[in-house]
Amino acid sequence: TSDDVVFEDTLATSGSTRALEARVKEVAKQIAAEGKEQEQASLSTQVESRDPMKLEAELKTVRRKLESFHVTKYQPDPAVTTVQNIMLGKPFCLERYKSLKKKEDLLDCALEMGDGDAILAITLMIRRSLNHPKFLSVISSRPLAANHLINYMITRHEMNQVIDLLHALGRFHYAGVVAYRQATARGGIDDRIRKLKKLYHAQMSGHEDSNLVLEQINLLERVSPLLAAESQFADRQVSNLSSSVLQALGYLSTWYYGTPENNLYSPSALIKMHKLTRTQANWGMVRARASVLAWKDCESLLVGKGWMGGVKAKGEVDIMEMATVLHDAKCPPETLSLILQAVESPSDRLDLAKKLGVAKVVVDVMVAQKDRVALLGYRDSLTRSSEGWVYADHVINKANVKWKN
Amino acid sequence: MSRAHLNSGRAKIGDFREMSRANILSILDSIHGNKVLVWDECLTGPVGLVAEYSVLKEHGVSRMFSMSATGLPSVRVDSIVYIIRPNVENCDIIAANIRSEERRGGSGLKMDYHIIFLPKKSLFCEKRLKESGVYGSLTIYELPIYLYPLDTDLLSMELPDSFKELTLEGDPTCIQYAAKALMQLQMVCGIIPRIYGKGAAADRLFRLMLRMKQEMVGFESNIKPQIDSLVLIDRSIDLLSTLPTQLTYEGLIDELFGISQASVKVPADRFGGQQQQQAGDVPQPTAPSSTEMRQVPLNSSEELYQDIRWLNFNAVGPSLSRKARSISAQFQERHEAKTVREMKEFVEKLPSMQAAKQSLGTHTTIAEMVKDKITAEGLMDTLEVEQEILSYVNSDRYLDSVEDLACKDYPLTKLLRIISMQSLVSSGLKPKVLDMYKKLVLQAYGYEHLLTLQNLEKAGFITPHNGQKTFGTLRKRLNLISDIVDEQNPTDIAYVHSVYAPLSVRLVQQLEKPGWRNIRDILDILPGTSFEDTQQIPTHLKNISRPDDQPKVVLVMFVGGCTMAEIAALRFLSQQEDKNVEYLIGTTSIITGSNLLQSLQTDLQPPVF
C-alpha cells in the first residue's frame, strides 16, 4: 500500500524539531487526503509553535488516527446511510459490504425504505458477489427483492435465466407463464409449434393450463400446412386461419365447407377436435356461409323438418339471434321467412318479423291470430303495391277467414 | 382553470398547483437562453394542467416537440430540454438523438442538452446514459411533481399503469410517489390529523408516510389544517366497482370517448352551430371532415357541467330541458326591462347568459353523441346482463349470453369485464365454469390470450372458487344492491350504476356513520389490513377549531385508480345537506373498467406464415 506512512523510529533519539516538523507536516497532508480536514487546522496552528512536546503529542494522536483510518477505510457506512445516498442521488459504494450478514442487512434496510432503485442495485450487487446457492437463499426469503430482479431481467430479455431463477425459487406457475410468453412472442408458425411442444413437456407439464397449450399446438399444427397452401389466394384473409379457432372455422367454412372429416381442411373436423359447442359451431359456420351467400347451407344448419311438416330449429340454436344475423347479411326474404317459421312463440315471431321487415311472416301470424285490425294497420304501414302490401291485401280480402275483429 | 377557481374549495388546491408551477419555471429559468422542450408524450397532458404553453413561452421556450426515436427536427436554439419519466426506453431514445445530432454535425450552434426527470431520476437511467456515452453531455434536473389538480376537489397522479405495476409486477414505486405526493400536499394544506385506511397497498403507503414524516423532524408547519381526515383505499379490496358500466353523465363520457386531464376529444362535425362567427364576407369553410376532433374541457368552472356531471344519464335530458327553459326565460327579460337601470342590469348579465347558452349547446350535442354511441354499441343489452349478474340471480342464462357475445366478435375487453364481474360476485368461478370460459375466450379470440387470463387471475379478477360468500355478506350488510333507485332524484349512491352502490364509496360513507369500529367484521372479510391513526399537530394550531356548521373535509386517496362513477358518488355525498362532510378525491389515476383490464392484457401477435 503506497500511502502507508512509514516513520523512522527517531523520536527517542532525535532532538531536531525541524525534522519533526517536516514529518508532522507530511502526515498532516496525508490525513487531509483521507478526507478529514479538521486535523489540518489544528496541526497547522500547532506546527508554528515549534514546541517539541506539543508536536510529539500531536504526532502521536495523528498516528493513532491514521491507523484507525486504515482499519475503517474499507469498512462500509451504516446501511441506512448508503440506502439514503442511493435515494438522494449521492455517491455510494456497495462493494464494501463484504460479509454475508452486512449484505443481508443492507438489503433489508433498502426493503424497508421501499426505494426500488436501492433494492435493485443492492440485489444485483449481491448476485454478482455471492455464489449462486447463497444468493438464492438470500432472495428466496425476500420476495420483494426477487420481484424487482425478475422484472429487471425480463426487461433485459434474459429469458432463460429468468426461467431458471423462477424454478429455483419454486415459482413454477410463473415460470411456465414466462416460458410461454417467450415461446409465442415471435417467430414463424413452425418455430412456435416447436417451442410450444418443448414447453408443453418441460415447464408446463402439470401446469393447470397445459391442456390449453395443447389445444393451441393442435390448432397450429393443423393450420400450418394450410397457411402455406392458402397464401396463393390473395383475396382471402389467410391470417384468420391462425388467429383463433373460431376465425379458423369461419375461414374453412367459407372456402372449404363440406370437406370430409379426414381432410385437414374440414370444418367439421376442426369442430370435433376442439370440441366446440353447438352454439359456437353454428355461429362460425352460419356467418361464413352467409358471407358467400350460401343460403341453403344456412337453412340446413339451422332448421329441419318439425312435427307435421312444419319447421323446427335444430338443437339449442338461438333462432332469433340467427335470424338477425342472416338479416344483417342481407339474405333473401325466402330464407328469412323459413328461419322465422322456426321461432316457436307466435308473439316473438311477430315482433321479430316486424323488426326485420319480413312482411309475409307478419301477415301469416296475424292471420293465425285472426286479428284483422292489426293486419289492416300493418298493411297500411307498408309501401303501397310492394310485395308485402299485395300479399297482405290479398289475405284481407280472402273470404274464408273467421276474423276476431 | 385559474388558481382562483382551484382555491375556491376548502382545501387550497390552487396554492398546491402554484408550488408545482414554481418548480418547473425555476428549472427553466436556470437554463439560460432559448430552449426547445422535447416531451415524453404521457407528460404533455398532466404538466399542461400545471403550466400552460403560454406560460412556458414566457420563460424562454420557443418550441415544443414530442420525443421520437427518429430524431429531432433541426432547430437553432441554445438548449434542448427533455422532459421524461425515468424509464430506460426514454433514455435510449435520448442517447440515440444526441448521437445522431453529433454525427450530423449539429446546426453550427453549440447546443446544450438537459434532461428533466419527472418526478425523480433513477439510478438505472443514469447508468444507461453512461453506458451510451452521452452522460457527459447532459445536465440532469429533477422535477418533483407528484400530484396534478384536475378540479377543485380532484387530484390525480396520472399514473395509469399503477394497478398493473402493483399487482402484476410487484413494483411499489407508485406507492412511494403517492407518499411523496401526500407529504407535498400536507405542506400546502396542513398536516392531516386523522388517517384511516384499508388494504395492503394502503398500509404500505401509510408506513412510508410515517417514515417520511420522521425524516422531516424539526420541520414545523404553520398552516392550519385544511383537511380533517385522510382515507387510503387500496384498489384491490374492491375490484368489482370498476367493472359495471358507469351510468353518470361524466362516467359515460369517459367510458365511450375517454376523458384525459379533464377534457375530452370528440368529433367536431356535430358542433356546427357552435363554430365561431367568421368575419362577414369570408365564405363559410366547408364542413369539417369527420375525423376532425374538438377538445372540450370538462370541469367545475363551467356551471352547467358542474350541475349535470354527476347525474345519472337518464336524468340529464330533463335537466338540460329545464336549463334551456330557464335560459330562454332569462333572455326574454330584455322585453321586461323598462328603465335604463333594468336595461343596464340585463346587459351586465348578458355575457354570463351567453356563456350559459353556449355551454348548453355543447352539452346537448355531447349528450346526443353519448346516446347515439350507446345505441350503436348495443350497451343496453350488456347492461341487462350486468344487472343480472350484480343482482346475484343465480341463473345460467348469462353463460349463454356470454357465449353468444364471444361468437359475435364482441370486444374482448368488454367480455372480460362481464366474466370478471361474475367471478368477483361469486367469489371465484367453479372449475367447470372457469374452464368453459377460458376455452371460450381462447377459442374465439386466439390462444395468445392465455397470458391475459393468467394476468387477470394474478390481479384477482377471474379466479377459481374459494368457497366463501363474500359478496353476499357485503351486499346484505352494506346494502350494495338496490331494487328501487330513483334516477331523477337519487337518495342513495346506488344511482351511479342504477342498481349497485360502489363498495369503496360505501366504506367511506360508513366511516362517518357508524364508524369503522362498528363494521370491523365486514372490514375483516376484505383483503388486507385496516388501520387508523393520528398525526400530531403543532400545539399552536390545535386550538383553532373548526366552527360547527362548517363541514368536515375528508380526503379519499385511491391507490390503483378510481372511476368517474365513484367520484360522482362521493360528490353526491358531499352535496347531501345532512351529512356535514365534504370529500376531496385523490387517485393514482382515473380509470374505467376497460382501460384497467386493458392494462392487464398482453399483446401477442398470432403467427403469420
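The structure under discussion appears in the preceding block.
In this text the structure is predicted, and so the values were computed from the model without any measurement. Numbering of residues starts from 1 in every chain and runs along the sequence as written. Starting at A for chains and at 1 for ligands, labels are handed out in the order in which the entities are written. Note on the predicted model: pLDDT of at least 70 is required for a residue's local features to be given, and 80 or more for side-chain atom pairs to be given and counted; whole-chain, interface and lining totals, by contrast, use all residues. Each side-chain value is derived from all of the structure's non-hydrogen atoms; neither hydrogens nor water enter the calculation.

Novice: Talk me through unusual backbone geometry; I want residue IDs and the actual numbers.
Specialist: With omega at -5 degrees, the peptide bond leading from B:Leu118 into B:Pro119 counts as cis. By the secondary structure assignment, B:Pro119 is in the loop between strand 4 (112-117) and helix 6 (123-131). In this structure, A:His157 is a non-glycine residue whose phi angle is positive, near 60 degrees. Inspection of the secondary structure assignment puts A:His157 in the loop between helix 8 (143-155) and helix 9 (159-168). Judged by its relative accessible area of 58%, A:His157 falls in the exposed class. Although it is not a glycine, B:Ser427 adopts a positive phi angle of roughly 55 degrees. Looking at B:Ser427, the relative accessible area reads 9%, which means it is buried. Only DSSP runs of H or I with at least four residues qualify as helices, and only runs of E with at least two residues qualify as strands; both kinds are numbered from the N terminus onward. Working definition: with a 1.4 Å probe on protein chains only, accessible area under 20% of the residue-type maximum means buried, over 50% means exposed, and in between means partly exposed.

Novice: Quick rundown of the pattern of salt bridges? Include the residues and the values.
Specialist: Residues and elements named next belong to chain B. Any Lys or Arg side-chain nitrogen located within 4 Å of an Asp or Glu carboxyl oxygen qualifies as a salt bridge. Evaluated as defined, the whole model comprises 39 salt bridges over all chains. Note that Lys 121 is salt-bridged to Glu 126, the shortest N-O span being 3.8 Å. Ionic contacts of the salt-bridge type, sharing partners, join the residues Asp 151, Asp 153, Glu 250, Arg 309 and Arg 571 into one network.

Novice: With reference to specific residues and values, describe the sheet that holds strand 1 (residues 35-39) of chain B.
Specialist: All names here are of chain B. We treat two strands as partners when DSSP finds at least two bridges between them. If you trace the five strands from one edge of the open sheet to the other, you get 2-1-3-4-5, paired in parallel fashion. Looking at strand neighbours, the two that pair on one side only are strand 2 (61-66) and strand 5 (138-142), the edges of this open sheet. The average undirected angle you get between the axes of adjacent strands in this sheet is 20 degrees. Judged from the six bridges that link them, strand 3 (residues 79-84) and strand 4 form a sheet pairing that is parallel. Bridging across to strand 4, Ile 84 finds its partner in Phe 117. Contact definition: two residues touch when any of their heavy atoms are within 4.5 Å. Only C-alpha atoms enter the line fits that serve as axes; for helices the fit covers just the stretch in contact. Angles between N-to-C directions range over 0 to 180 degrees. Strand contacts of helix 2 (residues 13-30): strand 1, strand 2, strand 4 and strand 5, with the helix running at about 160 degrees to strand 5, the strand carrying the most contacts.

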